[in-house]
Amino acid sequence: MNAIPNDPCELAPAHIRAIAPYQPGKPITELARELGLEPESIVKLASNENPLGMSPKARAAIEAALPELHRYPDNFELTQAIARRLDMPMEAIVLGNGSNDLLEMVASVFLGQGRSAVYSQHAFAVYPLATQARGARSIVVPAKDYGHDLDAMARAIEADTRVVFIANPNNPTGTMLTADELQAFLRKVPPHVVVVLDEAYNEYLPDELNYDSRAWLGRHPNLVITRTFSKAYGLAGLRVGYALCDKRVADLLNRVRQPFNVNNLALVAARAALDDAEFVRKTQALNREGMRQLEEGFRKLGLAWIPSYGNFVAVELPRTDGASQGAAVYQKLLREGGIVRPVGGGYEMPDHLRVTVGLPEENARFLQALAKVLGKES
Ligand SMILES: *Cc1c(COP(=O)(O)O)cnc(C)c1O
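Because the structure is a prediction, the values reported are computed rather than measured.

A look at the domain arrangement of the protein
Then, in step 1: Examined at the domain level, the protein breaks down into domain 1 (8–52 + 284–373) and domain 2 (56–277).
Then, in step 2: Look at where the C-alpha atoms of domain 1 and domain 2 centre, and you get two points 24 Å apart.
Then, in step 3: Listed by partner, the interface residues are 25 residues for domain 1 and 28 residues for domain 2.
Then, in step 4: Both sides together, the interface formed by domain 1 and domain 2 hides about 2,200 Å², and carbon and sulfur atoms give 62% of it.
Then, in step 5: One can count zero salt bridges joining domain 1 with domain 2.

Given below as structure tokens:
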């Protein structure tokens, strides 16, 4: 008989043990405990959260739903509301516990050992996680000017490729692909390969740059569009997102979906948030102003950044004796009570820090801390 190790962890599949854990933005409460700071003195611009909080309509809906929390949730109403808003059949919509959940569902359905997924260098961290967890192979395509190189991605598709992940705009680079580029890509991808178009930041795009990917689903039933209530709608803590896709794809996603994956409060809050166009407009305006403020601050500090179409921006720190400074500056900022996101490691951007656009006073405090850390206080 073969000797079986006593340790169950050693028997976990090698592809699971090889996963590098996700590094979330540091919570305010954790930094407060570590440094003995008041939570109010800390500025967190690390997780692309909406600095305005959530829509007051969503809050009211949550309060109204509290007496019903002993009931299991029902996805029907939110699905119907999204269907009406987007003029889509309900059967083409799948709800997720955050859009992260939908990325995992796509991976569960279409990936596995002996299959591969294609995604870009510097793309969203969940693509490698979802791929690796299924024992599938990652084909990581080098970025072009920090953005997705769609021509190279199309060429990188191999015989065993079943999924391509694209984030538009991408996190953490903030880069964006045009509708023409995306459509040209869709025409090149073999029809048996699923293309996930992750539009987590879609609501931040100015009207003149926005595009209607829904219209492409008819010609490309291999397209899966994902969106979220976590960013512009300000509901990150509730976890709710949705996918738009072909009905047959939706049917498969629903088979691996946990039966009650989106909770009651998330459903009613998202339902209310969807109708609060005013809140989304305010969010967009605040983001535009905040982005200008951060860019102006970086310019004054002599720093470069990657022009961003999201609610965050990757700022580049000059090297010291050839060595990248992202990690060191991140640590120094923490001591000033400023939390941003280091993007060395898995994102392979050790010279950058990702900064979420905050309220004007938060942006100002962050820029002040950055100036101090860089020895450029005026
Ligand atoms: C934040 C983000 C998501 C998903 O967030 P959820 O909270 O799970 O909806 C998906 N894709 C990208 C690119 C993101 O930045």
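And the narrative resumes.
Comments concerning unusual backbone geometry
Then, in step 1: A cis amide bond links N168 to the next residue, P169, at an omega of -10°.
Then, in step 2: Among the structural elements, P169 can be located in the loop between β5 (161–167) and α8 (179–188).
Then, in step 3: With omega at 15°, the peptide bond leading from N171 into P172 counts as cis.
Then, in step 4: Within the secondary structure layout, P172 lies in the loop between β5 and α8.
Then, in step 5: Even without being a glycine, N48 presents a positive backbone phi close to 55°.

A look at the nonpolar core
Then, in step 1: Within the largest apolar cluster, 54 residues are counted, with the highest numbers of intra-cluster contacts made by I82, I166, F185 and F229.
Then, in step 2: Those residues in contact with F185 that sit more than four places away from it in its chain are L150, M153, A154, V164, I166 and V195.
Then, in step 3: F124, A167, C245 and I306 belong to the second largest nonpolar core, which has 33 residues in total.

A few points about the site of the ligand
Then, in step 1: For the ligand, the full set of nearby residues is G98, S99, N100, F124, N171, D198, A200, Y201, T228, S230, K231 and R239.
Then, in step 2: Interatomic distance of 2.8 Å between a side-chain N/O atom of N171 and an oxygen atom of the ligand.
Then, in step 3: Between the ligand and K231 there is a distance of 3.1 Å, counted from an oxygen atom to a side-chain nitrogen or oxygen.
Then, in step 4: In isolation the ligand offers 380 Å² of accessible surface; the protein chains occlude 94% of this area.

Some details on the environment of M105
Then, in step 1: Along the polypeptide, M105 turns up in helix α5 (residues 99–110).
Then, in step 2: Overall, M105 belongs to the buried group, its relative accessible area being 3%.
Then, in step 3: Spatially, the C-alpha atoms of M105 and R257 are 6.5 Å apart, while their sequence positions differ by 152 residues.
Then, in step 4: Every residue in contact with M105, bar those within four places of it in the chain, is listed here: V94, L95, G96, L253, V256, R257 and N261.

Brief notes about the sheet that holds strand β13 (residues 352–356)
Then, in step 1: A sheet is described by the order of its strands in space; here four strands give the open sequence β9-β10-β13-β12, paired in antiparallel fashion. Lying at the two open borders of the sheet, with one neighbouring strand each, are β9 (304–306) and β12 (341–342).
Then, in step 2: Pairing of β9 with strand β10 (residues 312–316), which is carried by three bridges, proceeds in the antiparallel orientation. Note that in β10 the partner of A304 across the bridge is E316.
Then, in step 3: Each of β9, β10 and β13 is contacted by helix α11 (residues 277–300), which is oriented at about 5° to β10, the strand it contacts most.
Then, in step 4: In the packing of helix α12 (residues 326–335) onto the sheet, contacts are made with β12 and β13, and the angle to β13 comes to roughly 40°.

Looking at the pattern of salt bridges
Then, in step 1: A complete count under the given rule lists 17 salt bridges for this structure.
Then, in step 2: D275 is paired through a salt bridge with R85; the nearest N and O atoms lie 3.1 Å apart. Of this pair, D275 sits in the loop between α10 (264–274) and α11 while R85 is found in helix α4 (residues 76–86), placing the two residues 190 residues apart along the sequence.
Then, in step 3: On the accessibility criterion, D275 (43% relative accessible area) is partly exposed.
Then, in step 4: Between R292 and E289 there is a salt bridge; the shortest N-O distance is 2.6 Å. Of this pair, R292 and E289 both sit in helix α11, three residues apart, which is roughly one turn of the helix.
Then, in step 5: Here R292 falls in the partly exposed class, since its relative accessible area comes to 48%.
Then, in step 6: According to the relative accessible area criterion, E289 is partly exposed, its value standing at 47%.

Procedures and definitions
Numbering of residues begins from 1 in every chain and follows the order in which that chain's sequence is written. Two thresholds apply to this predicted model, a pLDDT of at least 70 for residue-level local features and 80 or more for giving and counting side-chain atom pairs, whereas whole-chain, interface and lining totals are computed over all residues. Excluding hydrogens and water, the side-chain values take into account all heavy atoms of the structure. Domain extents, as shown, originate in an automatic or database domain assignment. Should any heavy atoms of two residues lie within 4.5 Å, those residues are considered in contact. Accessible-area loss on putting two parts together, using a 1.4 Å probe and summing over both, is the definition of buried area adopted here. Think of a salt bridge as a Lys or Arg side-chain nitrogen and an Asp or Glu carboxyl oxygen that are within 4 Å of each other. Helix numbering and strand numbering both begin at the N terminus, where a helix is a DSSP run of H or I of at least 4 residues and a strand a DSSP run of E of at least 2. In plain words, nonpolar cores are sets of buried Ala, Val, Leu, Ile, Met, Phe, Trp, Tyr and Cys residues tied together by side-chain atoms within 4.5 Å. In this scheme, a residue with accessible area under 20% of its type's maximum is buried, one over 50% is exposed, and one in between is partly exposed, where area comes from a 1.4 Å probe on protein chains only. Being near a molecule or strand, for a residue, means having at least one of its heavy atoms within 4 Å of it. For the purposes of these results, a polar contact is taken to be a pair of N or O atoms within 3.5 Å, where, inside protein, one atom must be able to donate a hydrogen and its partner to accept one; residues adjacent in sequence count only when each atom of the pair is a side-chain atom. Areas reported here follow the Shrake-Rupley algorithm with a probe of radius 1.4 Å; residue values treat only the protein chains shown as occluding. At least two bridges found by DSSP between two strands is the condition for calling them paired. In this description, a line fitted to the C-alpha atoms serves as the axis of each element, helices being fitted only across the stretch in contact, and the angle between N-to-C directions of two axes falls anywhere from 0 to 180 degrees.

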